[in-house]
Amino acid sequence: MPREVLKIPLRLESLAVLSAQGEVDASLEPQLPESDLRRLYKTMLTSRRLDERCLQLQRQGRIGTFGPSRGQEAASLGVAYVLRDDDWLVPSFRELAGMLWRGWPMSRLLLWWGGHEAGNIVPENVCDLPMCIPIASQCQYGMGIAWGCKLRGDGSVCATFCGDGATSEGDFHEALNFAGVYNLPLIMVIQNNQWAISLPRSAQTAAQTLAQKAIAYGMDGVQVDGNDLLAVIVAMTEAVEKARTGGGPTLIEAVTYRLAMHTTADDPSKYRKAEEVREWEARDPLLRFRRYLVNKGLLDEKIEALMEEEIAKELGAAVQEYLAYRPDPYEFLHHMYAEQTPELRRQESELRAYLERPAERPAQVEHAHG
Amino acid sequence: MAELTVVKAINLALAEAMRENPRVLVLGQDVGVDEGVFRVTEGLLKEFGPNRCIDTPLAEAAIVGAGVGLAISGYLPVCEIQFDGFSFQAFHLVENHVRRFRNRTRGRYTVPMVIRMPYGGGIRALEHHSEAPEALYVHLAGLHVVIPSGPRNARALLRAAIFSPDPIIYLEPKALYRAFREEVPEEPETLPIGKGRVARDGSDLTIISYGATLRAALEAADELDQEHGISAEVLDLLWVAPLDDELIHTSVRKTGRVIVAHEAPRRCGVGAEIVARIVEGSLLYLEAPIKRVTGFDTVIPYFANERTYLPDAGRIVHAALEVARF
């Protein structure tokens with residue numbers, strides 16, 4: 001009696017549906033419409049091609065610092081796939097595939113990486129938040145949004161993303177704690193991509209998994225193969241159903257890998273070995289899902305070539321749209337308050353008087369893309 | 001008409017707003033069952049229930065972060081930080097998100113929330129319970145910052161804050177919580193954002209102040225009048241962001257002599273901004289150098305010695321005489 005193992009009635013699972021070779025475990029396979037499966041693949045492929053184009057554009061000086069999503073497409077896409085339009089998706093900044101699925105135009109994502117606030121303008125049809133830079137801080141407002149869902153009682157839920165590094169921040173823990181206490185319809189998705197810039201997952205926490213952190217906050221946790229789109233969809237579907245029906249929050253750890261650099265400002269060869277990257281390349285979520293679709297007879301070289309052609313066309317148009325964007329240089333002075341304050345009005349007049357002074361060249365906003 | 005203290009007036013404003021609009025929520029530590037450590041939230045749990053007057057776990061950042069998310073999803077949260085000195089635990093969220101979402105999303109998501117906190121010294125409290133951090137918030141564009149000076153304006157300003165479409169930092173001078181009573185009208189009142197008031201008319205010099213220091217300024221004005229024959233005008237800014245330039249310049253151009261008094265530290269304090277604006281806009285009206293009577297560029301001493309630190313009528317009179325006799 002004085003000493004016994006505590007029984008904590010919470011579930012902690014790991015889940016994979018596809019093998020690294022794309023073989024499916026039929027007992028776990030979700031039954032998804034064929035048209036959805038093809039669209040999912042096309043979205044993953046689009047994300048990959050956009051990612052590659054962004055790297056090029058960055059090297060050409062046409063966008064700013066870029067943080068690639070390469071290798072992590074399945075984690076955000078599987079989450080976004082399960083959400084309804086009136087659900088909320090709160091991204092960090094490596095959720096390119098999920099954002100594309102939700103309807104973010106490629107040109108808008110380019111605007112964001114190109115240094116324009118217009119890249120934050122949320123598509124009308126969805127309740128999404130723009131990307132968030134201060135690590136883990138989005139967990140806090142994601143929790144607050146989930147609270148709003150609960151108070152409205154309309155069955156909507158909030159999916160919030162963070163990375164393995166974020167799990168060391170206080171905001172992550174505070175947000176999960178509140179979500180547990182108030183039984184909020186929050187699905188917190190950790191994209192464990194193994195690296196927080198140069199710090200490996202093993203140095204981030206002594207815990208065996210990140211999913212187990214759920215236990216401390218009185219919620220279920222699941223560690224899912226984040227490079228397995230079907231597994232992410234299965235885990236997310238269960239978590240969302242639970243959240244919609246008052247069952248409260250879930251922590252999902254999507255185990256994935258950042259195949260590229262943290263951002264274009266760092267060189268990963270300084271902190272990790274090429275063999276490690278090669279091992280993970282073999283588990284590329286895009287290739288695995290492709291094999292699955294080929295095995296199911298839903299994809300062949302001809303269909304894929306057609307997809308590539310469509311994507312190249314859409315991407316070309318998006319890049320053109322981005323490059324043609326010319327913002328109003330004074331717009332930054334107009335959105336701090338519902339109504340511009342007298343102080344800002346004065347500052348704007350000063351700036352206009354300077355920039356529009358006669359007999360000199362009119363000033364222009366500096367464009368990264370020249 | 002009822003005679004209320006500042007605490008009761010704030011409590012009344014909260015209850016009125018919650019009655020009027022079901023989207024108004026109050027959240028913070030000990031705001032429910034305990035009714036707030038200063039009793040500001042007395043009766044709210046009973047009247048509005050635990051979904052609208054919410055006792056939270058002890059985490060300032062999550063209180064503010066939840067407020068951001070609730071505001072984005074259509075609610076009007078009033079977040080209480082238990083003491084000014086603990087507001088820094090949530091400061092990153094104020095900087096990163098509270099003040100930025102409107103601009104970030106070009107108006108798609110706004111954060112019409114209020115962050116209330118007991119503010120300033122003078123109640124013999126422990127360390128971290130007497131800070132005056134207004135300048136830190138004033139520096140963050142996207143926020144408005146208000147500091148009431150009495151029961152009637154405390155109620156009206158909180159109403160203005162709760163129904164403002166922009167996020168508001170509402171700082172409650174704790175030295176005033178129960179310092180005096182004032183009649184407040186039956187019907188709810190509101191006050192415009194960014195407008196201060198003339199607390200006392202005068203013609204020889206201007207004392208610009210706000211919050212608990214306003215009382216010292218008014219006392220000083222009495223003493224200057226009665227003992228030195230100097231007529232001091234006293235301005236009560238109420239809003240330290242945005243500042244009421246018109247009020248300041250009108251008075252300064254009339255008197256030509258200026259004292260700025262606040263309890264926050266001097267360096268880059270609100271007084272520094274006021275002086276800069278006077279120099280930029282009304283320099284040629286000045287008859288004497290401006291003087292600032294403020295807290296010091298130290299941490300506020302522990303309470304046994306806090307009176308030395310806080311500006312009082314004596315220090316304001318001393319400075320005013322120098323300015324008057326220049």
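Residues numbered from 1 in each chain as written. Chains lettered and ligands numbered in written order. Predicted model: local features only at pLDDT ≥ 70, side-chain atom pairs only at ≥ 80, totals over all residues.

1. Some details on the overall build of chain B
Here is step 1: Check the secondary structure of chain B and you find 12 helices and 14 strands.
Here is step 2: Radius of gyration (C-alpha) of chain B: 19 Å, near the 20 Å computed for a compact globule of 326 residues.
Here is step 3: Taken along its principal axes, the extent of the C-alpha atoms in chain B is 60 × 40 × 40 Å.
Here is step 4: Considering chain B as a whole, with its 326 residues, one finds that 59% of them fall into the buried category. (Helix = DSSP H or I, 4+ residues; strand = E, 2+ residues; numbered from the N terminus. Rg over C-alpha atoms; globule rule 2.2 N^0.38 Å. Buried ≥ 20, exposed ≤ 12 C-beta atoms within 10 Å, placed from the backbone.)

2. Some words on the interface of chain A and chain B
Here is step 1: The partner chain B presents 33 residues to the 30 residues of chain A that form the contact.
Here is step 2: At the level of elements, α5 (137-152), α6 (170-181) and α13 (342-355) of chain A are the ones that each hand at least two residues to the side of chain A that touches chain B.
Here is step 3: Sort the elements by how many residues they give to the side of chain A that touches chain B and α5 of chain A lands first, with 10 residues. (Contact = placed C-beta atoms within 7 Å.)

3. Thoughts on the packing of helix α1 (residues 34-59) of chain A against helix α2 (residues 73-82) of chain A
For any two helices packed against each other, one specifies the inter-axial angle together with the distance between the axes.
All names here are of chain A.
Here is step 1: Direction vectors running N to C along α1 and α2 enclose 135 degrees, while the axes themselves pass 10 Å from each other. With respect to each other, α1 and α2 are oriented oblique. Relative to α2, the crossing made by α1 is right-handed. Along the contact surface, α1 presents L40, T43, M44, S47 and R48, while α2 presents E73, L77 and Y81. (Axes fitted to C-alpha atoms, helices over the stretch in contact; angles between N-to-C directions. Parallel < 35°, antiparallel > 145°, perpendicular 65-115°, else oblique. Left-handed = near helix turned anticlockwise from the far one by under 90°.)

4. Some remarks on the domain arrangement of chain B
Residues and elements named next belong to chain B.
Here is step 1: Here the domain parsing of chain B yields domain 1 (2-184) and domain 2 (197-325).
Here is step 2: Contact residues are listed per partner, giving 24 residues for domain 1 and 21 residues for domain 2.
Here is step 3: Put simply, the parts of the chain that give the side of domain 1 that touches domain 2 at least two residues each are α6 (134-138), β6 (144-146) and α7 (151-162).
Here is step 4: Taken together, the residues of the side of domain 1 that touches domain 2 sort by class into 13 nonpolar, seven polar and four charged. (Domains from an automatic or database assignment. Nonpolar A, V, L, I, M, F, W, Y, C, P; charged D, E, K, R; others polar.)

5. Some points on the sheet that holds strand β9 (residues 250-255) of chain A
Residues and elements named next belong to chain A.
Here is step 1: Read from one edge to the other, the open sheet built from seven strands follows the order β1-β8-β9-β5-β4-β2-β3, with strand pairing classed as parallel. Edge positions in the sheet fall to β1 (12-15) and β3 (127-128), since each has one partner strand and no second.
Here is step 2: One ladder, built from six bridges, connects strand β5 (residues 186-192) with β9; its direction is parallel. Considered in β9, the bridge of I190 is made with E253.
Here is step 3: Strands in contact with α5 are β2 (88-90), β4 (158-163) and β5; relative to β4, the strand with the most contacts, it is inclined by about 170 degrees.
Here is step 4: Sheet contacts for helix α9 (residues 229-244): β1, β5, β8 (220-225) and β9; angle to β9, the most-contacted strand, approximately 170 degrees. (Pairing = 2+ DSSP bridges.)

6. Some details on unusual backbone geometry
Glycine aside, residues mostly have negative phi angles, and peptide bonds mostly take the trans form.
Here is step 1: For the bond from A241 of chain B to P242 of chain B, the omega torsion is -5 degrees, close enough to zero to count as cis.
Here is step 2: On the secondary structure map, P242 of chain B appears in the loop between β12 (239-241) and α9 (245-255).
Here is step 3: Look at A136 of chain A: it is not a glycine, yet its phi comes out positive at around 75 degrees.
Here is step 4: Position of A136 of chain A among the secondary structure elements: in the loop between β3 and α5.

7. Some points on the environment of K296 of chain A
Residue and element names in this part refer to chain A.
Here is step 1: Mapping K296 onto the fold places it in the loop between α11 (285-295) and α12 (301-324).
Here is step 2: Look at K296 and you get exposed, because 12 C-beta atoms sit within 10 Å.
Here is step 3: Each C-alpha atom of the pair K296 and E34 lies 9.6 Å from the other, and the pair is 262 residues apart in sequence.

8. A word on the nonpolar core
Here is step 1: In terms of nonpolar packing, the biggest core is built from 208 residues, with I187 and V232 of chain A together with I207, I259, I316 and A320 of chain B touching the most fellow members.
Here is step 2: Looking at which element gives the most residues to this core, the answer is α9 of chain A, with 11 residues.
Here is step 3: Those residues in contact with I259 of chain B that lie beyond four places of it in its chain are L205, I207, K291, V293, I316, A319, A320 and V323 of chain B. (Core = buried A, V, L, I, M, F, W, Y, C linked by C-beta atoms within 7 Å.)

9. As for the domain arrangement of chain A
Here is step 1: Segmentation of chain A into domains returns domain 1 (12-324) and domain 2 (327-370).
Here is step 2: In this structure, domain 1 of chain A and domain 2 of chain A have C-alpha centres spaced 37 Å apart.

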